[in-house]
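Chain and residue survey
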Amino acid sequence: MHPITVTADELGQRSRLTVFFRLLLAVPHILWAILWTIAVMTLALPAWIITLGGRTLPDPLHGFFAAYTRYLTHLNAYLSLLANPYPPFTGPVAGYPVDVVIAAPAPQNRWKTGFRLILAIPAIMLGTTLASGGISIGGATSYTSSVSVLAIVGFLGWWASLLTARMPSGMENAGLLGLQYGAQLGGYLLFLTDRYPDADPAGVVQVADRRADPTDDVTVVAADDDLRRSRLTVFFRLLLALPHLIWIMLWGVLAALTAIVMWLVALVRTRPPEPLRRFLAAYVRYSTHVQAYLLLAANPFPGFTGTPGSYPVDVQIAPTRPQRRLTVLGRIILVFPAVLLAGAITGAAYTAALLGWWVALFTGRLPRQLRALVVWALHYSAQLYAYIYIITGRYPYSAPFRS
């Protein structure tokens, strides 16, 4: 287990009044966070020198940095609607619905300490796609223009909470991944630990799935992978995928036309025609195979037909079910929030693939956590396209996927 872990109680209910004025209510915290950040940055250099000298970070300094990391996590949770109570200003060890467990001070590797800022660059790149857009990323105040998973969760959660007084559990869990990665990145930069931040969705402590039927009609199945990658095929991966990219574009035109027919038939009969559904299901499956290959989540060259069970990262689709006419009619509008969230999750996956490309090129292996992050993105993307193409009436569920 990572020395820095975010925990979350059952969240759910939100106060519409505090949701509406959330940003205004957070102004005192934002000002306080800026002042606290100045103090932390002042002490960061002495902490680096102490740790570089082979000594364990003194308890008072470790406690100060740990409280700061907890405080920013509490504040980010409040701003992104992952928590409802007004956060305390001191970053207490317990008492807030979304909290951070930080291990006691421990000796750290001098080489990792000496080159901490350089080593942190890849983690900062990935953290920008997962956790930025709030008050902080990596323990330092940051107001970036990037649209991260946590920022999109906060935006969509604001509307959902305002309309229903509840935060969807899928979005809560997706936001918790960004929140935890940001806390781990902050702890790494502030010498609370020399363990690198872990982006594996399986490491997130999720809140309960509150859907009436928690099963998914569309599931991505990722076979066990030894994570070894051929350096030659990794280097030429984009070029090798070119025939697939051309074929997927041509197939996509037919898929779009077929989806229109599916929409009309489902609107009349509430059940899409099975031959057309199989055609579109094969397209969604094939697209997932190609993306898995392109993003290094799988190593073999994929086939061109989207055959079930033919690729290490595959899509399983449940049998046809009747769909409600109202949701079919408004599908293009209803899908808009999922498209926004999918854009942020896919952005994180492409960043993970870029980092994985360099690692695999030099080491011949893909980091486990980067593959897991890509598989989660593929899972959400497959659910999204199955919903858009009327293959299923189940709305995409964004909780981190445990492959």
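Higher on the page you've got the structure.
These remarks concern the structure in this document. (Residues numbered from 1 in each chain as written. Predicted model: local features only at pLDDT ≥ 70, side-chain atom pairs only at ≥ 80, totals over all residues. Heavy atoms only, no water.)

Some points on the pattern of salt bridges
With the rule as written, the count across this model stands at 12 salt bridges. Of the charged contacts in the structure, one is a salt bridge between D217 and R321, with a shortest N-O distance of 3.4 Å. With a gap of 104 residues between them, D217 in the loop between α9 (169–189) and β5 (218–222) and R321 in the loop between β6 (313–317) and α14 (325–329) connect regions that are remote in the sequence. One salt bridge in this structure joins D225 and R371, with 3.3 Å as the shortest N-O distance. Of this pair, D225 sits in the loop between β5 and α10 (231–235) while R371 sits in helix α17 (residues 368–388), placing them 146 residues apart in sequence. In the salt-bridge network here, residues are joined through shared partners; they are D213, D217, R321 and R394. (Salt bridge = Lys/Arg side-chain N within 4 Å of Asp/Glu carboxyl O. Helix = DSSP H or I, 4+ residues; strand = E, 2+ residues; numbered from the N terminus.)

Observations regarding unusual backbone geometry
Backbone geometry at L81 places phi at a positive 65 degrees, although glycine is not the residue there. With respect to the helices and strands, the residue L81 is situated in the loop between α4 (59–79) and β2 (98–102). Given a relative accessible area of 1%, L81 falls into the buried group. For A165, which is not a glycine, the phi torsion comes out positive at approximately 65 degrees. Following the sequence through the fold, A165 ends up in the loop between α8 (149–164) and α9. (Buried < 20%, exposed > 50% of the residue type's maximum accessible area, 1.4 Å probe, protein only.)

Concerning helix α13 (residues 274–294)
Over its 21 residues, α13 runs 30 Å from end to end, which matches the ideal 30 Å to within 8%, given 1.5 Å per residue. Note on α13: the residue one or two positions beyond its end, L296, has a positive phi of about 70 degrees. (Expected span 1.5 Å × (residues − 1).)

Structural notes on the pairing of β5
The alternating pattern of β5 places V218, V220 and A222 on a buried face and T219 and V221 on a face that is not buried. The sheet contact formed by β5 and β6 spans 5 bridges and is antiparallel. Bridge pairing in β6 links T219 to Q316. (Pairing = 2+ DSSP bridges.)

Concerning the environment of A344
For A344, the position within the fold is in helix α16 (residues 336–363). Residue classification places A344 among the buried residues on the basis of a relative accessible area of 4%. Each residue touching A344, except ones within four places of it in the same chain, is listed here: T129, V147, S148, V149 and I152. (Contact = heavy atoms within 4.5 Å.)

Examining the packing of aromatic side chains
Applying the stated rule across the entire model yields 25 aromatic pairs. Chaining the aromatic ring pairs together yields one cluster made of W247, W251, F279, Y283, Y286, Y385 and Y389. Just above the ring of Y397 sits the side chain of R211; from NZ or CZ to the centre is 3.7 Å. Across from the ring centre of Y387, 3.9 Å away, lies the NZ or CZ of R331, which sits over that ring. (Phe/Tyr/Trp six-rings, centres within 6.5 Å; stacked < 30°, edge-to-face > 60°. Lys NZ or Arg CZ within 6 Å of the ring centre and 35° of its normal.)

Structural notes on the packing of helix α12 (residues 242–269) against α13
As a packed pair, α12 and α13 sit with axes 10 Å apart at the nearest point and diverge in direction by 150 degrees. Relative to α13, the element α12 is oriented roughly antiparallel. Crossing angle aside, the handedness with which α12 passes α13 is left-handed. Packed against α12, whose contacting residues are H244, L245, W247, I248, W251, G252, L254, A255, T258, A259, V261 and M262, the element α13 presents L276, R277, F279, L280, A282, Y283, Y286, S287, V290 and L294 at the interface. Looking at the contact of α12 with α13 residue by residue, the class counts come to 17 nonpolar, 4 polar and 1 charged. (Axes fitted to C-alpha atoms, helices over the stretch in contact; angles between N-to-C directions. Parallel < 35°, antiparallel > 145°, perpendicular 65-115°, else oblique. Left-handed = near helix turned anticlockwise from the far one by under 90°. Nonpolar A, V, L, I, M, F, W, Y, C, P; charged D, E, K, R; others polar.)

Structural measurements only, silent on function.
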